[in-house]
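Fold and geometry: a report
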There are 2 protein chains.
Amino acid sequence: MSKNIPEKITNRLTLYHSITVEYMEAGIETISSPQIAQRLGIDDSQVRKDFKLLNNAGKCRVGYLVKDLKDSIEKTLGFAHAKDAFIVGAGHLGLALAKYDSFNSYGLNILALFDNDPQKVDMQVNNKQIFHISKLPNLTKRLGVDIAILTVPRQNAQQVADFLIQSDIKYIWNFTPAVLKVPPEVKVWNENLMGSFLQFACKDII
Amino acid sequence: MSKNIPEKITNRLTLYHSITVEYMEAGIETISSPQIAQRLGIDDSQVRKDFKLLNNAGKCRVGYLVKDLKDSIEKTLGFAHAKDAFIVGAGHLGLALAKYDSFNSYGLNILALFDNDPQKVDMQVNNKQIFHISKLPNLTKRLGVDIAILTVPRQNAQQVADFLIQSDIKYIWNFTPAVLKVPPEVKVWNENLMGSFLQFACKDII
DNA sequence: AACATATTGTGAAAAATTTCACAACAAAAC
DNA sequence: GTTTTGTTGTGAAATTTTTCACAATATGTT
């Protein structure tokens, strides 16, 4: 990524991207900022401001070319820069993410899964093998992977995170509710599912 | 919820909450704003500003009582107001969410799952039954449920959402990458997993 | 060809959020 | 009992984000 795009804009860009995918499938060639804005419940000038980042000019009274828009978003968000990652924890969530093929088109390659349950080891999910967690340090080094998606139970989260850090993992996408303690060079992204839900729920549902 | 708390603050409050849970388990009774701030990589005055919402005074040179803090966050975020919900789509993600017991303590009760696959129907997950999707309208009305967690494949998302809306579902927590078209009275919360990842990835990697 | 209309692009204003700075204070140390 | 220290609470400043307003413009209509 050349520019450091603020989180909120990144988030909106992915939503715009989903809409372009839908329009492409429907065979619609152009889309306007008010159309997108209405769909997402935001201001249309916001959409245009976001698009300015993409260096993708629209046409007055017509809007934007869906295909160009889609390509620009993909370019700006770096979909093409494939990044390799491991899923650590082969429970339902880990398996769900392993099966989530969208990751690939967004530039995230899941290479393998890890678990400490001998029953799960050596199984295959979506063409990805589940290894015993003890194999992780070796494979991390051999494959040069530095991203881990952490989907273990909360109770084990810190302990497993420590192990990942020892194994030279630098980026942890944390799906557990634990707030991990990590050294400054390791970056954590908390998925915080409940936070998301509460934002949703608190707004309207008493 | 009395006050309409901004999303960002709600999100931080849940992270603070996780830390209080951890401190409680560790038997630590007080916590200070700089401690929390450092852990989350944010400014300590931010933490104190957030806490002002909780009506929970700290003590100079000591910090905040962990237990009081935890209780205030739970009260403010309405953990006690149990909300009932259905999971629609019993794939891996749906099953993962059904097994995610934290939902309960955060005030979200998953009552049942729905799927259109006859093989899955009548199975039990974490004491919750999987019903055929055709049973949803009836159960929605009978149980007064108006929240649905949507975990179907993207291709079916809009169609299933339309069906949910017909069945009087008012709140959709959307885990699919589709941007749903809904009437104004229906609220959608897009989980947007890839958006999250890209925010994470774009920042540092590459 | 003139006019009406829908849309972009953008500067300015407004609102929201974060950071800074520091007074007030309570606990601990001396 | 006085000093030092770490922390809260909070106004003010800075920054970021969103909204507003409108000129410019391209398309369709009469």
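Residues numbered from 1 in each chain as written. Chains lettered and ligands numbered in written order. Predicted model: local features only at pLDDT ≥ 70, side-chain atom pairs only at ≥ 80, totals over all residues. Heavy atoms only, no water.

1. Here we look at the overall build of chain A
- In terms of regular secondary structure, chain A is built from nine helices and nine strands.
- In terms of overall dimensions, chain A has a C-alpha envelope of 60 × 45 × 35 Å along the principal axes.
- For chain A, buried positions account for 53% of its 206 residues.
- Long-range pairs, those at least 24 residues apart, make up 57% of the contacts in chain A between residues at least 6 apart in sequence. (Helix = DSSP H or I, 4+ residues; strand = E, 2+ residues; numbered from the N terminus. Buried < 20%, exposed > 50% of the residue type's maximum accessible area, 1.4 Å probe, protein only. Contact = heavy atoms within 4.5 Å.)

2. Structural notes on the protein's contact with DNA strand D
- Residues in contact with DNA strand D amount to 27 residues; listed here are only the nearest, A:Lys49, B:Ser33, B:Arg48, B:Arg61 and B:Tyr64.
- One of the side-chain nitrogen or oxygen atoms of A:Arg61 is found 3.1 Å away from a base oxygen of DNA strand D.
- Between DNA strand D and B:Ser33, the relevant distance is 2.4 Å, taken from a phosphate oxygen to a side-chain nitrogen or oxygen of the residue.
- The set of elements that each furnish at least two residues to the surface near DNA strand D consists of α1 (7-26) and α3 (44-52) of chain A together with α2 (33-40) and α3 (44-52) of chain B. (Near = heavy atom within 4 Å. Polar contact = N/O pair within 3.5 Å; in protein donor to acceptor, adjacent residues only side chain to side chain.)

3. A look at the environment of B:Glu185
All names here are of chain B.
- Of note, glutamate 185 is situated in the loop between β8 (171-174) and β9 (187-190).
- Looking at glutamate 185, the relative accessible area reads 48%, which means it is partly exposed.
- As for glutamate 185 and isoleucine 165, which are separated by 20 residues in sequence, their C-alpha atoms are 9.8 Å apart.

4. Description of the relation of the copies chain B and chain A
- Of the transformation superimposing chain B on chain A, the axial component is 0.0 Å and the angular component is 180°, with the fit at an RMSD of 0.0 Å. Here the transformation between the copies is reduced to the relation of a two-fold axis.
- In this assembly, 100% of the residues forming the interface of chain B have copies in chain A that are likewise at the interface, indicating an isologous arrangement. (Least-squares fit on C-alpha atoms with pLDDT ≥ 70 in both.)

5. Comments concerning the interface of chain B and chain A
- Contacts between the two partners involve 60 residues from chain B and, on the opposite side, 60 residues from chain A.
- Approximately 6000 Å² of surface area, both sides summed, lies buried where chain B meets chain A, with 68% of it carried by carbon and sulfur atoms.
- Contact with chain A buries surface across chain B, with B:His92, B:Val179 and B:Phe200 losing the most and accounting together for 12% of the total.
- Connecting chain B to chain A are four salt bridges.
- One salt bridge connects A:Glu25 with B:Arg154, and the closest N-O pair in it is separated by 2.6 Å. (Buried area = accessible area lost by both parts, 1.4 Å probe. Salt bridge = Lys/Arg side-chain N within 4 Å of Asp/Glu carboxyl O.)

6. Quick notes on α2(B)
All names here are of chain B.
- The complete set of buried residues in α2 reads Ser33, Ile36, Ala37, Arg39 and Leu40. Take α2 and look down its axis: the buried residues cluster within an arc of 160°, on one side only.
- Buried residues along α2 sit against α1 (7-26), β1 (30-31), α3, β2 (64-65) and α4 (66-76).
- Just past α2, the residue glycine 41 takes up positive phi, approximately 70°. (Arc of directions from axis to C-beta.)

7. Some thoughts on the sheet that holds β8(B)
All names here are of chain B.
- Pairing within the open sheet is mixed, and its seven strands lie in the order β5-β6-β4-β3-β7-β8-β9. Two strands lie at the open edges of the sheet, namely β5 (124-125) and β9, each paired on one side alone.
- The pairing of strand β4 (residues 108-115) with strand β6 (residues 128-132) spans four bridges and is parallel. Residue pairing across strands places leucine 113 opposite isoleucine 130, the latter belonging to β6.
- Sheet strands touched by helix α8 (residues 154-166): β3 (83-88), β7 (147-150) and β8. Its angle to β7, the strand with the most contacts, is close to 170°. (Pairing = 2+ DSSP bridges. Axes fitted to C-alpha atoms, helices over the stretch in contact; angles between N-to-C directions.)

8. What to know about the protein's contact with DNA strand C
- The environment of DNA strand C is formed by 27 residues, the closest being A:Ser33, A:Arg48, A:Arg61, A:Tyr64 and B:Lys49.
- Sugar and phosphate atoms constitute 55% of the interface atoms of DNA strand C, taking the interface as everything within 4 Å of the protein.
- Contacts to DNA strand C include A:Arg48, whose side-chain N or O atom sits 2.6 Å from a base nitrogen.
- If you list the elements that add at least two residues to the surface near DNA strand C, you get α2 (33-40) and α3 of chain A together with α1 and α3 of chain B.

9. Re the nonpolar core
- A:Ile36, A:Trp173, B:Ile36, B:Ile149 and B:Trp173 are the most contacted members of the largest nonpolar core, which has 98 residues in total.
- The contact partners of A:Ile36, leaving out residues within four places of it in the chain, are A:Tyr16, A:Ile19, A:Ile31, A:Val47, A:Phe51 and A:Leu69.
- Counting 22 residues, the second largest nonpolar core, distinct from the first, contains A:Val88, A:Phe131, A:Ile133 and A:Val152. (Core = buried A, V, L, I, M, F, W, Y, C linked by side-chain atoms within 4.5 Å.)

10. Details of the packing of helix α5 (residues 92-99) of chain A against helix α5 (residues 92-99) of chain B
- Following both chains from N to C, one finds α5(A) and α5(B) inclined at 160°, their axes separated by 8 Å at the closest point. Regarding the angle of α5(A) to α5(B), the classification is roughly antiparallel. The two elements α5(A) and α5(B) cross, and the hand of that crossing is left-handed. Across from A:His92, A:Leu93, A:Leu95, A:Ala96 and A:Lys99 in α5(A), the residues of α5(B) making contact are B:His92, B:Leu93, B:Leu95, B:Ala96 and B:Lys99.
- The class makeup of the residues in the contact of α5(A) with α5(B) is six nonpolar, two polar and two charged. (Parallel < 35°, antiparallel > 145°, perpendicular 65-115°, else oblique. Left-handed = near helix turned anticlockwise from the far one by under 90°. Nonpolar A, V, L, I, M, F, W, Y, C, P; charged D, E, K, R; others polar.)

11. Points about the packing of aromatic side chains
- The final tally for this structure, using the stated rule, is 18 aromatic pairs over all chains.
- Considering the side-chain rings of A:Trp173 and A:Phe175, the 5.0 Å spacing of their centres and the 50° angle between planes classify their relative orientation as tilted. As far as the burial class goes, A:Trp173 and A:Phe175 line up, both buried.
- Taken together, A:Tyr100, A:Phe103, A:Trp173, A:Phe175 and B:Phe197 form an aromatic cluster joined through their ring pairs. (Phe/Tyr/Trp six-rings, centres within 6.5 Å; stacked < 30°, edge-to-face > 60°.)

12. Quick notes on unusual backbone geometry
- With phi around 55°, A:Asn55 is a residue other than glycine that occupies positive phi space.
- Its location among the elements puts A:Asn55 in the loop between α3 and β2 (64-65).
- Accessibility expressed as a relative area gives 68% for A:Asn55, which makes it exposed.
- Despite not being glycine, B:Asn127 shows a phi value in the positive range, around 65°.
- Positionally, B:Asn127 belongs in the loop between β5 and β6.
- Under the relative-accessibility criterion, B:Asn127 is labelled exposed at 74%.

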